[in-house]
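# Examination of the molecular architecture
Single-letter residue listing:
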Amino acid sequence: MMQISFETENEPSVHLLVPLHFPNLYIYEYDTIFLFSLLFYKAWQFFLTMSSSSTLVSLPSMEPKDENTLQRFNLNELKRQANVPAKFLWPKVDLVGTEGVFDEPLVDLEGFIKGDEIATANAIDLVRAACTTHGFFQVINHGVHAHLIQAAYREIDTVFELPFDRKLGFEQKLGGYAGFSSAHAERFSTNLPWKETFSLGYRGTDSDSALVDYFTSALGHDFENVGRVYQKYCEKMRELSLMIMELLALSLGLDGSYYRKFFEDGTSVMRCNYYPPCKKSDVTFGTGPHCDPNSITLVHQDHVGGLEIFTGDKWLAVPPRQDVFAVNIGDTFMAFCNGRYKSCVHRAILKEEKVRRSLVYFVNPKEDVVVRPPEDLVDLDSSRVYPDFTWASLFDFANNRYRAGLQTLQDFFPWLSSQPKLLT
Ligand SMILES: O=C(O)CCC(=O)C(=O)O
């Protein structure tokens, strides 16, 4: 289930409870007839918006505020308190409990890497089944050394352990994506995630010392080794992501090299998540339910566990394994394959007593790449599920004008059609 909020200047804020993928509508708070009329009106507005580039568009999930009016929260102090500030409380509709454990087979990459045909065919079948059902699978024997993964956790811990004021000194700026963030409170003021993050951009074509330079300029020479480790880690994530792009292409019946070309010089974002313990873990989230706007995401979670995916109308816990990477399909890949694969709905829950960490690598195409499915994936009746867009325009929307959630693409296209300069 998810909550859709409509808010315009002339209308009250109205909330509809909509099961994911919209098979039915359930309603609360307002009179049924009024709501269905409003829904019809909204659908009509949406239609008009899609057909006219001059229509003004309201952005239901948009919440950026003036940076100076937003509060900052030091979670390492707040974690000791029995209650959490109201801004961290999530609406009841989102607080659905975990209903099982995700136990689909792991995708073994060893045979694929070595060129073994049977192992590759097996991997392709697993990927196709997972991506058409929920957009999530886990890979093993991926070629990323356990020591490197452990070093990545250890090194970023030294950043999270810095005094709060020092971390605020390299806080993520509005409109930017790199730096420190506590609860994304520099951007949002409600439904805050209970976590600290440190993010950086990575482009495979940059110099071999780009991340060393980044860390030393943000934090000083004591942090050179953090830069070295993340330089190596991101290189490995890039290699792995290109391998997965190949597997995804094959699983869609395309030439294995089809998607690689869009991602070889893309700017990916590495985000390290640090989730302090939370005494109110039943009413808060580490990361709330959402789909990633980017193409695919490679996630490593530490031994504590907390990653969950939504599939078969249930939230399932993904048991942590130190030897696997989880792969989420994101909105952009969903568009790249004409909706054949689903963008994965996922979240991260908190522990009352334990710190949890995860390493998340968001894979993006080059900014000016036009996201368009290959002809082979456009059905016989020529239906395109999504119009063309550039990654730069979706990134601008999702990062600067909107709060990415469960329906980012649905809200993005009306906005895009109101921006003639951005239309491809
Ligand atoms: O921490 C996790 O396991 C997932 C985090 C996530 O989905 C995110 O940072 O967008």
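Because the structure is a prediction, the values reported are computed rather than measured.

What counts, and at which threshold
Residues numbered from 1 in each chain as written. Predicted model: local features only at pLDDT ≥ 70, side-chain atom pairs only at ≥ 80, totals over all residues. Heavy atoms only, no water. Helix = DSSP H or I, 4+ residues; strand = E, 2+ residues; numbered from the N terminus. Buried < 20%, exposed > 50% of the residue type's maximum accessible area, 1.4 Å probe, protein only. Contact = heavy atoms within 4.5 Å. Areas by Shrake-Rupley, 256 points an atom, 1.4 Å probe, with all protein chains shown as cover. Near = heavy atom within 4 Å. Polar contact = N/O pair within 3.5 Å; in protein donor to acceptor, adjacent residues only side chain to side chain. Nonpolar A, V, L, I, M, F, W, Y, C, P; charged D, E, K, R; others polar. Phe/Tyr/Trp six-rings, centres within 6.5 Å; stacked < 30°, edge-to-face > 60°. Pairing = 2+ DSSP bridges. Axes fitted to C-alpha atoms, helices over the stretch in contact; angles between N-to-C directions. Core = buried A, V, L, I, M, F, W, Y, C linked by side-chain atoms within 4.5 Å. pLDDT = per-residue confidence, 0-100. Salt bridge = Lys/Arg side-chain N within 4 Å of Asp/Glu carboxyl O.

## Re the overall build of the chain
Counting its secondary structure elements, the chain contains 12 helices and 18 strands. Burial status across the chain gives 52% buried among its 424 residues. Counting contacts in the chain only where the partners sit at least 6 residues apart, residues at least 24 apart contribute 74% of the total. Total accessible area computed for the chain in this model is approximately 18800 Å², and 53% of it derives from carbon and sulfur atoms.

## With respect to the site of the ligand
In the vicinity of the ligand, the contacting residues are Lys-195, Arg-271, Asn-273, Tyr-275, Thr-287, His-290, Leu-307, His-346, Ala-348, Arg-356, Ser-358 and Phe-362. Within the side chain of Arg-356, an N or O atom sits 2.8 Å from an oxygen atom of the ligand. The separation between an oxygen atom of the ligand and a polar side-chain atom of Ser-358 is 2.7 Å. Within the complex, the protein chains bury 98% of what would otherwise be the 290 Å² of accessible surface of the ligand. For the shell around the ligand, the secondary-structure elements that each account for two or more residues are β9 (267–275), β10 (287–290), β15 (346–348) and β16 (356–363). Residues that form the shell around the ligand fall into these classes: 4 nonpolar, 5 polar and 3 charged.

## Structural notes on the packing of aromatic side chains
What describes a pair of aromatic rings is the distance from one ring centre to the other and the angle between the planes of the rings. Under the counting rule described, the total for this entry stands at 30 aromatic pairs. Ring centres of Tyr-230 and Tyr-233 lie 6.0 Å apart, and the angle between their planes is 55°; this geometry places the pair in the tilted category. In this pair, Tyr-230 and Tyr-233 are both assigned in helix α8 (residues 224–251), 3 residues apart and thus about one turn of the helix distant. The residues Tyr-230 and Tyr-233 share a single accessibility class, namely buried. Between Tyr-258 and Tyr-259, the ring centres sit 5.0 Å apart and the planes meet at 85°, which makes this aromatic pair edge-to-face.

## Some thoughts on the pairing of β9
Counting buried residues in β9 gives 8 out of 9 residues, a clear majority hidden from the surface. Two strands pair when backbone bridges link them, and strand β8 (residues 196–203) and β9 are joined in this way by 8 bridges, in the antiparallel orientation. Bridged to Gly-201 within β9 is Val-269.

## Focus: the sheet that holds β9
Strand order in the open sheet made by the 8 strands is β5-β6-β14-β11-β16-β9-β8-β7, with mixed pairing throughout. The outermost strands of the open sheet, each flanked by one partner alone, are β5 (107–108) and β7 (179–182). Where β7 and β8 come together, 4 bridges link them in antiparallel fashion. Looking at the pairing, Ser-182 lines up with Glu-196 of β8. The sheet contacts of α8 involve β5, β6 (136–140), β8, β9, β11 (296–301), β14 (325–329) and β16, and relative to β11 the element is tilted by about 125°.

## Topic: the side chain of Asn-76
Tracing the backbone through its elements, the reader meets Asn-76 in helix α2 (residues 75–78). Given the relative accessible area of 18%, Asn-76 is considered buried. Sequence-distant contacts of Asn-76, that is, excluding residues within four places in its chain, are made with Lys-167, Glu-196, Tyr-274 and Pro-276.

## Examining the nonpolar core
Residues Tyr-230, Leu-248, Tyr-259 and Phe-333 are the most contacted members of the largest nonpolar core, which totals 80 residues. Broken down by element, this core gets its largest block of residues, 14 residues, from α8. Those residues in contact with Leu-248 that lie beyond four places of it in its chain are Val-127, Cys-131, Phe-137, Ile-296, Ile-329, Phe-333 and Tyr-341. Within the second largest apolar cluster, 14 residues are counted, among which are Val-84, Trp-194, Cys-278 and Ala-348.

## Observations concerning the confidence of the model for the chain
In the predicted model, the chain carries a mean pLDDT of 86, and the fraction of residues at 70 or more is 82%. Scored below 50 in pLDDT, residues 1–58 shows 89 contacts in the model against residues more than four places distant or in partner chains.

## Things to note about the sheet that holds β15
A sheet is described by the order of its strands in space; here 5 strands give the open sequence β4-β13-β12-β15-β10, paired in mixed fashion. Looking at the sheet topology across the chains shown, the edges are occupied by β4 (100–101) and β10. As defined by bridge partners, strand β12 (residues 307–311) adjoins strand β13 (residues 314–317) across 4 bridges and the pair is classed as antiparallel. When the bridges of β13 are listed, Thr-311 appears paired with Lys-314.

## Points about the pattern of salt bridges
One pass over the structure, following the stated rule, counts 18 salt bridges. When the shortest N-O distance is used, the salt bridge between Arg-357 and Asp-302 registers 3.3 Å. Separated by 55 residues along the polypeptide, Arg-357 in strand β16 and Asp-302 in the loop between β11 and β12 bring together distant segments of the chain. Each of the two residues, Arg-357 as well as Asp-302, counts as buried. Of the charged contacts, one joins Asp-396 and Arg-401 as a salt bridge, the two residues approaching to 3.1 Å between their closest N and O atoms. By relative accessible area, which is 17% here, Asp-396 ends up buried. With a relative accessible area of 32%, Arg-401 lands in the partly exposed category. It is possible to trace a salt-bridge network through shared partners that takes in Asp-157, Asp-302 and Arg-357.

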